[in-house]
Amino acid sequence: MNAIQKIEAEHLRLDLPKFKGGDTVKVHYRILEGEKERIQVFQGTVLRVRRGTTNATFTVRKISDGVGVERVFPMHSPFIDSVEVAAEGKVRRSRIYYLRQLRGKAARIKSKANWE
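All of these numbers come straight from a predicted model, not from anything done at the bench.

Undergrad: Is there a simple way to explain the overall build of the chain in this structure?
TA: When its secondary structure is counted, the chain shows 2 helices and 5 strands. The secondary structure elements of the chain, listed N-terminal to C-terminal, are α-β-β-β-β-β-α. By residue count, 28% of the 116 residues in the chain fall in the buried class. Within the chain, contacts between residues at least 6 apart in sequence are counted, and of these 52% link residues at least 24 apart. Element-wise, carbon and sulfur atoms account for 49% of the exposed surface of the chain, whose accessible area totals about 8,200 Å². Distance between charge centres in the chain, computed from 24 positive and 13 negative side chains, equals 11 Å.

In structure tokens, the structure reads:
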């Protein structure tokens, strides 16, 4: 292991659960407002997971008041308090960008629990 990999290994988070595109997750994100700190929960469907070392990210999409909201979270960010997998989705692709064009019932993803 070279020096860069050793330094990156110190900053990696190993407490996050395994999830992939199509899963519904709850991301507990720490928000700083002035001197105060609070935790905001962002629940939505994972569109993609970008693997890597310290530059790994995942994109979560939710519908808020009829408007689609997407947020990209750095995987190893210290601001992420925790990630919960609410439901595993049955999808055939790892990046489900087609969800952006779908509306209403068509945008639902079937749960893996119903398929097994």
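Having seen the structure, we can now continue with the description.
Undergrad: Just checking my understanding: could you explain the packing of aromatic side chains for this structure?
TA: In this description, an aromatic ring pair is defined by two values, namely the gap between the centres and the angle between the planes. All chains considered together, the criterion is met by 5 aromatic pairs. By way of ring pairs, the aromatic residues Phe19, Tyr29, Phe42, Phe58, Phe73 and Phe79 are connected into one cluster. For arginine 71, the ring lying beneath its charged end belongs to tyrosine 29, and the centroid distance is 4.5 Å.

Undergrad: Honestly, unusual backbone geometry in this entry has me stumped. Any pointers?
TA: When glycine is set aside, most residues are seen to have a negative phi, and most peptide bonds are trans. You will see that aspartate 65, though not glycine, has its phi angle at about 55°, which is positive. On the secondary structure map, aspartate 65 appears in the loop between β3 (57-64) and β4 (67-74).

Undergrad: Honestly, the side chain of arginine 13 in this entry has me stumped. Any pointers?
TA: Of note, arginine 13 is situated in the loop between α1 (3-10) and β1 (24-33). Polar contacts involving the side chain of arginine 13 include one to the side chain of aspartate 15, which spans 3.0 Å. Other than its neighbours up to four places away in sequence, arginine 13 contacts Met75, His76, Ser77, Ile80 and Asp81.

Undergrad: Would you mind showing me how to read the sheet that holds strand β2 (residues 36-50) here?
TA: Within a sheet, adjacent strands bond to each other through the backbone by hydrogen bonds, running parallel or antiparallel. Strand order across the open sheet formed by 5 strands is β4-β3-β2-β1-β5, with antiparallel pairing between neighbours. The open sheet has two free edges, formed respectively by β4 and β5 (80-87), since each of these has just one partner strand. Ignoring strand direction, the axes of neighbouring strands in this sheet form an average angle of 40°.

About the thresholds
- By convention here, each chain's residues receive numbers from 1 onward along its written sequence.
- Where local features are concerned, this predicted model is filtered to residues with pLDDT of at least 70; where side-chain atom pairs are given and counted, the filter is 80 or more; whole-chain, interface and lining totals use all residues.
- Processing note: side-chain calculations cover all non-hydrogen atoms of the structure and skip hydrogens and water entirely.
- Helix numbering and strand numbering both begin at the N terminus, where a helix is a DSSP run of H or I of at least 4 residues and a strand a DSSP run of E of at least 2.
- Any residue under 20% of the maximum accessible area for its type is buried, any over 50% is exposed, and the rest in between are partly exposed; the area is computed with a 1.4 Å probe on protein chains only.
- The contact rule is simple, with two residues in contact once any of their heavy atoms fall within 4.5 Å.
- Exposure was quantified through the Shrake-Rupley algorithm and a 1.4 Å probe, taking into account, for residues, occlusion by the shown protein chains and nothing else.
- Residues scored as positive are Lys and Arg, those scored as negative are Asp and Glu, and His as well as the terminal groups of each chain are ignored.
- We put the charge of a Lys on NZ, of an Arg on CZ, of an Asp on CG and of a Glu on CD.
- Stacked, tilted and edge-to-face pairs are distinguished by plane angle, under 30 degrees for stacked and over 60 for edge-to-face with tilted covering the rest, among Phe, Tyr and Trp rings (Trp via its six-membered ring) whose centres lie within 6.5 Å.
- A ring is considered to have a charge above it if a Lys NZ or an Arg CZ atom is located within 6 Å of its centre and within 35 degrees of its normal.
- By the criterion applied in these results, polar contacts are pairs of N or O atoms within 3.5 Å in which, for protein atoms, one can donate a hydrogen and the other can accept it, and in which residues neighboring in sequence qualify only through two side-chain atoms.
- Only strands joined by at least two bridges in the DSSP assignment are considered to pair.
- Interaxial angles span 0 to 180 degrees and are taken between N-to-C directions of axes, which are lines fitted to C-alpha atoms, for helices over the stretch in contact.

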